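What follows is the residue order along each chain.
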Amino acid sequence: MIDNRKLGQLEQVMEKLNNRAKTWNIVTISRIKGPLNAEIMRQALDIIQLRHPRLNSRIVYSQNSLRFQTEGTTKIPLRVVKKFDDEQWQEVVREEMNQEIDTSKCLLRAVLVHIQSDNHVNYLITTGHHAVGDGLSSIRLQSEILTYCQQIVSGNLSDSVVSLFPLPPIEELLPSLTKGLKGKIVSILFLLRISVQKLLYRPETLGFEKYAPIVQRRCDIIHRQLDEEMTQQLVHRCRQEKTTVNSALCAAMMFAVASKIKKSKRQEIRMSCLTAIDLRKRLATKFNEHHMAVLVSSIIGFHTIQTNKNFWELAREVKQTLETSIKRGDIFKMILVSRHMINFCLAYPKQLAGTVLLSNIGKINIPKNYGPFELEEISFASSQSLYAGMLTSHTATFQGKMLLNFVFSEPSISRDTMEELVNNCMLYILHVCQFKIEQKLTSV
């Protein structure tokens, strides 16, 4: 299918970030048990490239603008890597997070990792351009790839591939309040409100342990998990405390950063919390669940943490902030101003975007079994080298188990510092679930 068109504003922002900061591309990681090999994977990738119009596109500069173009697109690159130990998949993810996508050729690439210590274990790692997919669509894409792998092995593959209809830029899907002159006024007022809040509130961050220009920054990852029992305990505790898992994770991240900051600063700490919000159920247009698209926005909240701040009180504050912001349409306004906010970060690299950032897609409703292949784990991360001095987590729950990928920008934060922060964050989560400590800001 040919679907050449101009990139929307948000899509252009994502391409600028890919070129200038190797940032915000979506890396999806799955642990697969079964006889998966490069030949099967190659066929499956070719099929999904035909099925998804944007995966069969590249980005070119034409007619004084960036455009998606089908003609000249190469096959989705696939490389095969052999690693001895199970945990070495993280080495491949680090490589992928710090390599920009060559958008003149293709918008997705894949790595199949064979674990030599266990011949039945493989990792599939896909890296997609954020202009054509978000965390949820990238995870569903891997499920689709495994479905085709199953059909290839069983010999039940259909002779024809039905392509999904291409989606327009997300700006065209937003409600009327964002369109025309009214939309321009709304976006200007919203940007002014955010700017004034930041100036008045002055949220604190982890700062720079060591400053580096954007081109010299690298992204790293720390992976953690909550087993099924602990994940269920967290869900149950959140219901008891009349809040959400998403808000509790934000609170744990802010508590972890506050514990780090308060050792050398005053007892009252002001913070900002960026939270990713899925737009699929909030747009009038209905989507096929397999559509590859960036259908996510974010909300920024400002919070004050004092000594002895109650954990669940903070979690409820986060929940209330998100609900209020969604009700007044901030998730749509954020799309309109994202270009200006990113341009500011690129123009002033010593300014820090915020304190913590959480992208939690919640429970993943995809199958576990695909014939001879079993999907044991699946998670995602967005490369975040641009966002220095920030604690960032990408979280998903699959088969009852929560998987958390904490990413950070080096050298602004060292790995030792991030390990300490992540360990404290996980301890807060474990402790409040098990009633082992008072649910207040204390040194963990």
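All of these numbers come straight from a predicted model, not from anything done at the bench.

### Thoughts on helix 6 (residues 228–240)
And step 1. Over its 13 residues, helix 6 runs 18 Å from end to end, which matches the ideal 18 Å to within 8%, given 1.5 Å per residue.
And step 2. Buried residues of helix 6: Met230, Thr231, Leu234, Arg237 and Cys238, and no others. Down the axis of helix 6, the sector holding all buried residues measures 125 degrees, keeping them to one side. Exposed positions of helix 6 whose direction lies more than 90 degrees from the buried face are Glu228, Glu229 and Arg239.
And step 3. Tucked into the core, helix 6 has its buried residues touching strand 8 (218–226), helix 7 (245–261), helix 8 (311–327), strand 14 (391–398), strand 15 (401–410) and helix 10 (415–434).
And step 4. Backbone nitrogen of glutamate 229 and a side-chain oxygen of the N-cap are separated by 3.3 Å at the start of helix 6; the cap is aspartate 227.
And step 5. Looking one or two residues beyond helix 6, the residue adopting positive phi is lysine 242, at roughly 60 degrees.

### Observations concerning the environment of valine 81
And step 1. Its location among the elements puts valine 81 in strand 5 (residues 78–83).
And step 2. By relative accessible area, which is 14% here, valine 81 ends up buried.
And step 3. Those residues in contact with valine 81 that sit more than four places away from it in its chain are Val92, Val111, Leu112, Val113 and His114.

### Quick look at the confidence of the model for the protein chain
And step 1. Here the protein chain shows a mean pLDDT of 92. Residues at 70 or above account for 96%.
And step 2. Summarising per-element confidence for the protein chain, the mean pLDDT is lowest in helix 5 (residues 180–201) (91) and highest in strand 12 (residues 369–370) (98).
And step 3. Ignoring residues within four places in sequence, the model shows residues 437–444, a span with pLDDT below 50, making 29 contacts including any to other chains.

### Points about the sheet that holds strand 3 (residues 58–62)
And step 1. Overall, antiparallel pairing links the 3 strands, which are arranged 1-4-3 in an open sheet. Where the open sheet ends on each side, the last strands, each with one partner, are strand 1 (5–6) and strand 3.
And step 2. Strand direction decides the pairing type here: strand 3 and strand 4 (residues 65–69), joined by 5 bridges, are antiparallel. Across the sheet, valine 60 pairs through a bridge with arginine 67, a residue of strand 4.

### Quick look at the side chain of threonine 392
And step 1. The residue threonine 392 is located in strand 14 in this model.
And step 2. When neighbours within four sequence positions are excluded, threonine 392 is seen to be in contact with Met253, Leu357, Gln384, Asn405, Phe406 and Val407.

### Quick look at unusual backbone geometry
And step 1. Looking along the chain, the bond that leaves glutamate 410 and enters proline 411 is cis, with omega of 10 degrees.
And step 2. Among the structural elements, proline 411 can be located in the loop between strand 15 and helix 10.
And step 3. The backbone of lysine 242 sits at a positive phi, close to 60 degrees, despite the residue not being glycine.
And step 4. One can find lysine 242 in the loop between helix 6 and helix 7.
And step 5. One non-glycine residue with positive phi stands out, namely glutamine 399, at about 55 degrees.
And step 6. By the secondary structure assignment, glutamine 399 is in the loop between strand 14 and strand 15.

### With respect to the pattern of salt bridges
Side chains that differ in charge, positive against negative, can pair when their charged atoms come close.
And step 1. Applying the stated criterion across every chain, the model contains 29 salt bridges.
And step 2. In this structure, the salt-bridge partner of aspartate 278 is arginine 280, at a minimum N-O distance of 2.7 Å.
And step 3. Judged by its relative accessible area of 31%, aspartate 278 falls in the partly exposed class.
And step 4. Given the relative accessible area of 15%, arginine 280 is considered buried.
And step 5. Where salt bridges share partners, they join Arg94, Asp220, Arg224, Arg415 and Glu419 into one cluster.

### Focus: the nonpolar core
And step 1. Among the nonpolar cores identified, the biggest contains 123 residues, and Ile145, Leu234, Tyr387 and Ile429 are the most heavily contacted of them.
And step 2. For this core, the element with the highest residue contribution is helix 7, accounting for 13 residues.
And step 3. Look past the residues within four positions of isoleucine 145 in its chain and what remains in contact with it is Met41, Ala44, Leu45, Ile48 and Leu124.
And step 4. Judged by nonpolar contacts, the second largest core, of 17 residues, contains Val93, Ile115, Ile221 and Val407.

### Overview of the sheet that holds strand 9 (residues 269–278)
And step 1. Read from one edge of the open sheet, 6 strands run 8-15-14-11-9-10, paired in mixed fashion. Lying at the two open borders of the sheet, with one neighbouring strand each, are strand 8 and strand 10 (296–305). Looking at each pair of strands side by side, their axes are set apart by 20 degrees on average, direction ignored.
And step 2. The sheet contact formed by strand 9 and strand 10 spans 10 bridges and is antiparallel.

### Looking at the packing of helix 6 against helix 7
And step 1. Relative orientation of the contacting elements helix 6 and helix 7 amounts to 100 degrees, with a least axis distance of 9 Å. The orientation of helix 6 with respect to helix 7, classified from their angle, is roughly perpendicular. Side by side, helix 6 and helix 7 meet where Leu234, Val235 and Cys238 of the first sit next to Val245, Ala248 and Leu249 of the second.

What counts, and at which threshold
- Residues numbered from 1 in each chain as written.
- Predicted model: local features only at pLDDT ≥ 70, side-chain atom pairs only at ≥ 80, totals over all residues.
- Heavy atoms only, no water.
- Helix = DSSP H or I, 4+ residues; strand = E, 2+ residues; numbered from the N terminus.
- Expected span 1.5 Å × (residues − 1).
- Buried < 20%, exposed > 50% of the residue type's maximum accessible area, 1.4 Å probe, protein only.
- Arc of directions from axis to C-beta.
- Contact = heavy atoms within 4.5 Å.
- Polar contact = N/O pair within 3.5 Å; in protein donor to acceptor, adjacent residues only side chain to side chain.
- pLDDT = per-residue confidence, 0-100.
- Pairing = 2+ DSSP bridges.
- Salt bridge = Lys/Arg side-chain N within 4 Å of Asp/Glu carboxyl O.
- Core = buried A, V, L, I, M, F, W, Y, C linked by side-chain atoms within 4.5 Å.
- Axes fitted to C-alpha atoms, helices over the stretch in contact; angles between N-to-C directions.
- Parallel < 35°, antiparallel > 145°, perpendicular 65-115°, else oblique.

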